[in-house]
Amino acid sequence: MAKPKPPVEKNETIELTFEDLTHEGDGVGKVNGYPLFVPYGLPGEKALVKVIKVKKNFGFGKLLEVQESSPERVEPPCDVFYQCGGCQLQHMSYDMQLEMKQKQVKDAMRKIGHLEHVPVHPVKGMKDPWRYRNKVSMPVGERDGRLVAGFYQKRSHNIIDMDTCVVQEESNDRMVEAVRRIAERHGIRAYDEKNNRGVLRHIMVRTGKNTQDVMVVLVTRTKNLPNQEELIDEIRDAYPSVKSIVQNVNYKRTNVILGPETNVLWGEEYIYDTIGDIKFAISAKSFYQINPTQTKTLYDQALEYAALTGSEQVIDAYCGIGTISLFLAQQAKKVYGVEVVPEAVADAKENAKLNRIDNAEFYVGQAEKIMPWWKSQGLAPDVIVVDPPRKGCDEALLQSMLDMQPERIVYVSCNPSTLARDLRVLEDGGYETKEIQPVDMFPQTSHVEAVTWLEKKK
Ligand code: SAH
C-alpha cells in the first residue's frame, strides 16, 4: 500500500504546537502524526511556521512567530545568534539546556544501549555559562574594502561581521578585534578562498584561563607578512598580556585551519595554563580542552569513578596531550597513555616533565593496536580510562579491554549514541554499567559530554 502523502506542502504557513526537542535542540511538532523539525521552537509553544522542506516521513520548518511562548524561552544575549552557526541554544533557559542534555543521554541508553536501568545523573552545569571558551579561530574576509573577522553563517562561508562572541573569554574577543584593526590599518589583505589569493586567513587567540597568558596566531597563506615588525609592535602595545605571537602558514586551498609551518614571530613558543594542580604548556597546534572550568569537573569525575588508591596500573587510551593521564598519575602507581597524534604525545611527555610526574609513560599509535601489544607484553591494568573521538571506540579496542579484564573502566564520551553502542558491547562482555555523569562542557550548544563508570561483573 502506498504511504499517505505528507499532510503539509512546501512554502505553506501553518500553526504548530511543539511537543519535543531533537538532539540538536530544534522544536518538534506534529501534523496528523507527521513530524516537523523547527529550529528555535520550544516544547509547549504554539507558533506560526513556514514549511520549507517536505520529505516522505518528516519535514523542516522555519519559525515565523511564537504565539504562545514557553516560560523557558529567554532573550539570546548575542546579536547574531539566529545567523551564526556556533551556538544552538541561547533562546533556551540554562536549566532547560541541562535537562535536554540529560534526556539525550537517557534516550541513547534506552534506545541504543538497552540500558534503561542505568542511573544518568543530572548534568553538572556551569555557575556562569558564558565566556567559557579559551580559544577562538576567526576566519577573516573583506567587505567594502574593510577587513571583517567573525564566524561563518550557518551552512555557508559568509563571514558575519560581529563585535563580540558571548561564549569567548573577553581577552580572546578583544584581541581578535585589535588584530583585525591593526592588520586593516597596515593594508593586509584577507585570504580570498575563491581565487586562493590574499594573506590573512584566520586570527586565532588562546588564553590560559588561570594564568591569563595570551597567544595570538596569525594564520596566513603566504610566508611573507607585510609590515611584520609594525604589526607585532602594535599588537604588543594593544595587549600587554600577550606572551606569544605566532605565524602559521597554510598555503593550501582547504577548510583545515592550520597549515604545516609554524614560526614564532615574537615571545614564547608556549603559553601555560593550569587545571587543578597540574600545569600545561600549550603550543599553537596543541589540542587543549576549550572549557577549562568544566574540564576540571570532568576530570575530577573520571578520577572519582577510577577510585584509585595508589597501587593501580592504569591505561589512558586516546590520551591527547596527557591531561587525564597526569591527573590519574597523582593517585596511581603507573599510568600508560596512548594517542595517535605524535605531536600530542610529545606534549604529553613534556607536560609530565614540567610537573615532575615520573610514573606516566606515553606511546604513539592507534589505541586498538597498542593495547593488544601491551597485553602480549604482560601488562594487566586495574583500571582503563578511554576518551575517544565522536565515532567512539574501535571494536578491536573494546575487545582488548575485555581481554585485559580490568576491575574498572571509566569511559569519557562526547557522543551519547556511540557511548551507548559501546556500553552494550562491554555489558555483553561481562561489565556492568554502574552510573553516568554528564558534564556540560559546551553551554549554549547542543553538545553533551558524559563520564561512565563500569565494573567487572562478579
Ligand atoms: N583525553 C584527552 C583527549 C581526548 S580527544 C583530553 O581530555 O584532552 C580524543 C583523542 O583521541 C584525540 O587526541 C585524537 O587524536 C585521539 N585518537 C583518535 N583516534 C585514535 C586512535 N585510533 N588511537 C589513539 N588515539 C586516537
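Quick caveat: nothing in here was measured; it's all calculated off a predicted structure.

Cut-offs applied
Residues numbered from 1 in each chain as written. Predicted model: local features only at pLDDT ≥ 70, side-chain atom pairs only at ≥ 80, totals over all residues. Heavy atoms only, no water. UniProt positions renumbered as here; feature names shortened; annotations may be inferred. Helix = DSSP H or I, 4+ residues; strand = E, 2+ residues; numbered from the N terminus. Buried < 20%, exposed > 50% of the residue type's maximum accessible area, 1.4 Å probe, protein only. Contact = heavy atoms within 4.5 Å. Pairing = 2+ DSSP bridges. Axes fitted to C-alpha atoms, helices over the stretch in contact; angles between N-to-C directions.

This part covers the UniProt feature "binding site: S-adenosyl-L-methionine" (unreviewed entry) in the chain. Per the UniProt entry, the sites bearing "binding site: S-adenosyl-L-methionine" (unreviewed entry) are Q289, Y318, E339 and D387 in this numbering. Locating Q289 in the fold gives a position in the loop between β13 (278–282) and α4 (292–306). Judged by its relative accessible area of 11%, Q289 falls in the buried class. Apart from residues no more than four positions distant in its own chain, Q289 is found in contact with N134, T295, Y299, D387 and M441. Assignment of secondary structure puts D387 in the loop between β17 (383–386) and α8 (395–404). Residue D387 is classed as buried on the basis of its relative accessible area, which comes to 16%. Once residues lying within four places of it in the same chain are set aside, the contact partners of D387 are Q289, A317, Y318, I324, V412 and E449.

Let's shift gears to the side chain of T452. Tracing the backbone shows T452 in strand β20 (residues 449–456). The contact partners of T452, leaving out residues within four places of it in the chain, are Y305, I409, V410, Y411, L419, L423, T433, E435 and I436.

To continue, consider the sheet that holds strand β6 (residues 135–143). Pairing within the open sheet is mixed, and its six strands lie in the order β7-β6-β8-β9-β10-β11. Sheet topology places β7 (146–149) and β11 (261–267) at the edges, where each strand pairs with a single neighbour. Adjacent strand axes in the sheet meet at a mean angle of 25°, parallel and antiparallel pairs treated alike. By the bridge criterion, four bridges tie β6 to β7 in an arrangement that is antiparallel. Residue pairing in the sheet places R143 in a bridge with R146 of β7. Contacts from helix α2 (residues 170–185) reach β6, β7, β8 (200–207), β9 (214–220) and β10 (242–249), with the element oriented near 150° to β8.

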